[in-house]
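In case you want the letters, here they are:
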Amino acid sequence: MSKHTIVLIPGDGIGPEVSSAARRVLDAAGFDAQWIEVPAGATAVEQGHGNVLPDLTIDAIKQHRIALKGPVTTPVGKGFKSVNVQLRQKLGLYAAVRPVRNMAGVKTWFDGVDMVIVRENTEGLYSGIENEITPGVVTSLKVATETACKRIARYAFKYALQRNRRKVTVFHKANIMKLTDGMFIACAKLVREQEFPGVDYEEMIIDAGCMKLVQDPTRFDILLMENLYGDLVSDLCAGLVGGLGVTPGANIGEDYAVFEAVHGSAPDIAGQNKANPLAMIISGVMMLNHIGETAIGEKIKAAYNAVIAEAKTTTRDLGGTAGTREFTDAIIAKLK
Ligand code: NAI
C-alpha cells in the first residue's frame, strides 16, 4: 500500500500536460503515492459527468484531503460559475498562498524578489454574486465578513512567524470601499495588535501598491489582500519573476488543501507540448512540504534549479526551445 493518496485533477487546456509532468517528476523523485484521478471543468462535461464539478471529485478530495489540480477553463461573460470559486467555497479553502521568487537562471528586471501573496479565497467581488436589476442595470455584490477577514489575517501573520518573515503589507481600497475593505484592514490591524505584535505591518492603497511593486518588489515580504485583488496582483507578481510558467500556489483550508499553479488553462498553447510545467511541479513541491515530505521536495527543487541554471533544456517562455515533455525529462534526469 502507498504511503500517501493524492487526488489529481488534470483540468482543461494545458492542465493534463502540466499535471502529468508534475506527477511524473514526483513519482520519479520517490514520492510513494497512489494517485486518484478525477475530472473538473469542461473536461468533466465532455466525459459525460453532466457537471463541471462532479460530486465524485468533491467526495474524493473530502476523503483524501489533499489534491494537486490543473487549471480549468471558465467561460467569459456567460456559462457556468467558476469551478475554482465553487471548489474553494465548498471545501473551505480560505487561504490562497502564492510564493513569488526569483529563480537562478530566469532573467528578470529585479533580483532578490521573495514575496508571498496571501489571498482571501472565499468572498469579496470574486464570488460572482451578480444581479440584473432591470435591463441595462446590473450589480455585483462584494461581501466581506468579519470572520473571514480575521481568519485570513491570522493565517498571514502566523505564516510570517512560522517562516521567519518580517512584514505583512495589506493592499486595499478602503478609501473607496469604506465598509468592505475598511473591515478587511480593521480586522488585519486588530489581529496583528492582539496576537502578532512582533510582525511588522503596513497598509497600502492597492493602486499605489502596484506601482511600488513594479518599481521595487524587493521591499515587500508578505502581501495580504482580498480575493479579487489577490487574483490580479498574483499575475502581476508572476510577471516580475519570469511569468506564469514559474509561479506555484496552494489553496489551504482547515480540513483540505488543493495545490495548483497560478496560471490558467492557456488555450492558446494547449495540446501543443509548449506549456511550462514548472509552476505545477513547484505546486507539487509545496504539496510535499505540506504533507511532511520535505526531503523529496528538496530533491525536486535541486533538479529543476539545475536544469534552469544550465539553460539548455527549457520551455519557450523561459527563452528555450524545449517542449513540456523534454523539459520534464531533463528535470527527471537530474533527480539524484
Ligand atoms: P492563462 O494563465 O491561462 O494564460 C495567460 C497567458 O500565459 C497565455 O498566453 C498562456 O499561454 C500563458 N501561460 C499560462 N500558463 C503557462 C505555462 N504553464 N507555460 C507557458 N505559458 C503559459 O490565462 P487566461 O488566458 O486569461 O485564461 C485562460 C482560462 O484559464 C480562462 O478560462 C480562465 O478562467 C482560466 N483560469 C483558470 C485558473 C485556474 O484554474 N486556477 C486560473 C486562471 C485562469
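It should be emphasised that the depicted structure is a prediction, and the values quoted were computed from it without experimental measurement.

Engineer: Sorry, what's going on with the site of the ligand here?
Structural biologist: Taken together, 20 residues form the shell around the ligand, and within it V72, T74, G264, A266 and N276 come nearest. Here K69 contributes a side-chain N or O atom positioned 3.3 Å from an oxygen atom of the ligand. For the ligand, whose unbound accessible area comes to 810 Å², protein coverage reaches 70%. Broken down by class, the residue content of the shell around the ligand amounts to nine nonpolar, eight polar and three charged.

Engineer: Looking at this model, I keep getting lost on the state of the cysteines. Mind explaining?
Structural biologist: In protein structure, a disulfide is the covalent linkage between the sulfur atoms of two cysteines. The tally for this structure, following the rule as stated, stands at zero disulfides. Residue C210 stays outside any disulfide, its sulfur separated by 8.0 Å from that of C237, the closest cysteine. Under the relative-accessibility criterion, C237 is labelled buried at 0%.

Engineer: What is the right way to look at the nonpolar core in this model?
Structural biologist: As a rule of thumb, soluble globular proteins bury nonpolar side chains together. One finds L223, L224 and I300 to be the most contacted residues of the largest nonpolar core, which totals 84 residues. Two domains each donate at least three residues to this core, and these are domain 1 (1–101 + 244–336) and domain 2 (109–115 + 123–240). Not counting residues up to four positions away in its chain, the partners in contact with I300 are V25, L26, A29, I281, V285, L288 and L335. The next biggest cluster of nonpolar side chains, apart from the first, holds 17 residues, and it includes V7, L87, L93 and V258.

Engineer: What is the right way to read the sheet that holds strand β9 (residues 200–205) from this model?
Structural biologist: In a beta sheet, neighbouring strands pair by backbone hydrogen bonds and run either parallel or antiparallel. If you trace the ten strands from one edge of the open sheet to the other, you get β2-β1-β3-β12-β11-β4-β5-β10-β8-β9, paired in mixed fashion. Unpaired on one side and paired on the other, β2 (33–37) and β9 mark the two borders of the sheet. Neighbour-to-neighbour, the strand axes of this sheet turn through a mean angle of 25°, independent of strand direction. Pairing between strand β4 (residues 95–101) and strand β11 (residues 250–252): three bridges, direction antiparallel. Paired with A95 across the two strands is I252, which belongs to β11. Helix α7 (residues 206–215) rests against β5 (114–120), β8 (167–172), β9 and β10 (222–225) of the sheet, and its axis sits at about 110° to β9.

Engineer: What is the right way to look at the pairing of β4 in this model?
Structural biologist: For β4, the buried fraction is high: six of the seven residues fall into the buried class. Bridge count for β4 against β5 is seven bridges, and the pairing is antiparallel. Bridge assignment links R98 to a residue of β5, and that residue is I117.

Engineer: Help me understand the side chain of E123 in this model?
Structural biologist: Here E123 shows up in the loop between β5 and β6 (129–134). Salt bridges are absent for the buried E123, whose nearest opposite-charge side chain, R151, sits at 6.2 Å. Polar side-chain contacts of E123 include one of 2.6 Å to the backbone nitrogen of T145. Beyond its immediate chain neighbours, meaning those up to four positions away, E123 contacts V143, A144, T145, A148, C149 and N227.

Engineer: Got a minute to help me understand the domain arrangement of the protein in this structure?
Structural biologist: Often the size quoted for an interface is simply the accessible area lost on bringing the parts together. Taken domain by domain, the protein comprises domain 1 (1–101 + 244–336) and domain 2 (109–115 + 123–240). Here the C-alpha centroids of domain 1 and domain 2 sit 25 Å apart. Tallying the contact residues gives 15 residues for domain 1 and 16 residues for domain 2. Of the roughly 1,400 Å² buried where domain 1 meets domain 2, counting both sides, 59% is carbon and sulfur surface. Considering only the surface of domain 1 that becomes buried against domain 2, Y94, V100 and R101 emerge as the three largest contributors, covering 40% of it. The tally of links between domain 1 and domain 2 comes to one salt bridge. A salt bridge links R101 to D114, with the nearest nitrogen and oxygen atoms 3.1 Å apart. Our count for the domain 1 to domain 2 interface comes out at three residue pairs in polar contact (both at pLDDT 80 or more). Elements with a contribution of two residues or more to the side of domain 1 that touches domain 2: α4 (83–90) and β4.

Engineer: I'm lost on the side chain of N251 in this one. Help?
Structural biologist: With respect to the secondary-structure elements, N251 resides in strand β11. Judged by its relative accessible area of 2%, N251 is buried. Sequence-distant contacts of N251, that is, excluding residues within four places in its chain, are made with R88, L93, A95, A96, N121, Y256, A257, V258 and E260.

Engineer: I keep staring at the environment of N276 and nothing clicks. Help me out?
Structural biologist: Tracing the sequence through the fold places N276 in the loop between β12 (257–259) and α9 (278–290). Taking relative accessible area as the criterion, N276 reaches 6% and is therefore assigned buried. The residues contacting N276, other than those within four sequence positions of it, are V18, G245, V246, T315, D317, L318 and F327. Here L278 takes part through its backbone nitrogen, which lies 2.9 Å from a polar atom of the side chain of N276.

So, how was this worked out
Residues numbered from 1 in each chain as written. Predicted model: local features only at pLDDT ≥ 70, side-chain atom pairs only at ≥ 80, totals over all residues. Heavy atoms only, no water. Near = heavy atom within 4 Å. Polar contact = N/O pair within 3.5 Å; in protein donor to acceptor, adjacent residues only side chain to side chain. Areas by Shrake-Rupley, 256 points an atom, 1.4 Å probe, with all protein chains shown as cover. Nonpolar A, V, L, I, M, F, W, Y, C, P; charged D, E, K, R; others polar. Disulfide = S-S within 2.5 Å. Buried < 20%, exposed > 50% of the residue type's maximum accessible area, 1.4 Å probe, protein only. Core = buried A, V, L, I, M, F, W, Y, C linked by side-chain atoms within 4.5 Å. Domains from an automatic or database assignment. Contact = heavy atoms within 4.5 Å. Pairing = 2+ DSSP bridges. Helix = DSSP H or I, 4+ residues; strand = E, 2+ residues; numbered from the N terminus. Axes fitted to C-alpha atoms, helices over the stretch in contact; angles between N-to-C directions. Lys, Arg positive; Asp, Glu negative; His and termini not counted. Salt bridge = Lys/Arg side-chain N within 4 Å of Asp/Glu carboxyl O. Buried area = accessible area lost by both parts, 1.4 Å probe.

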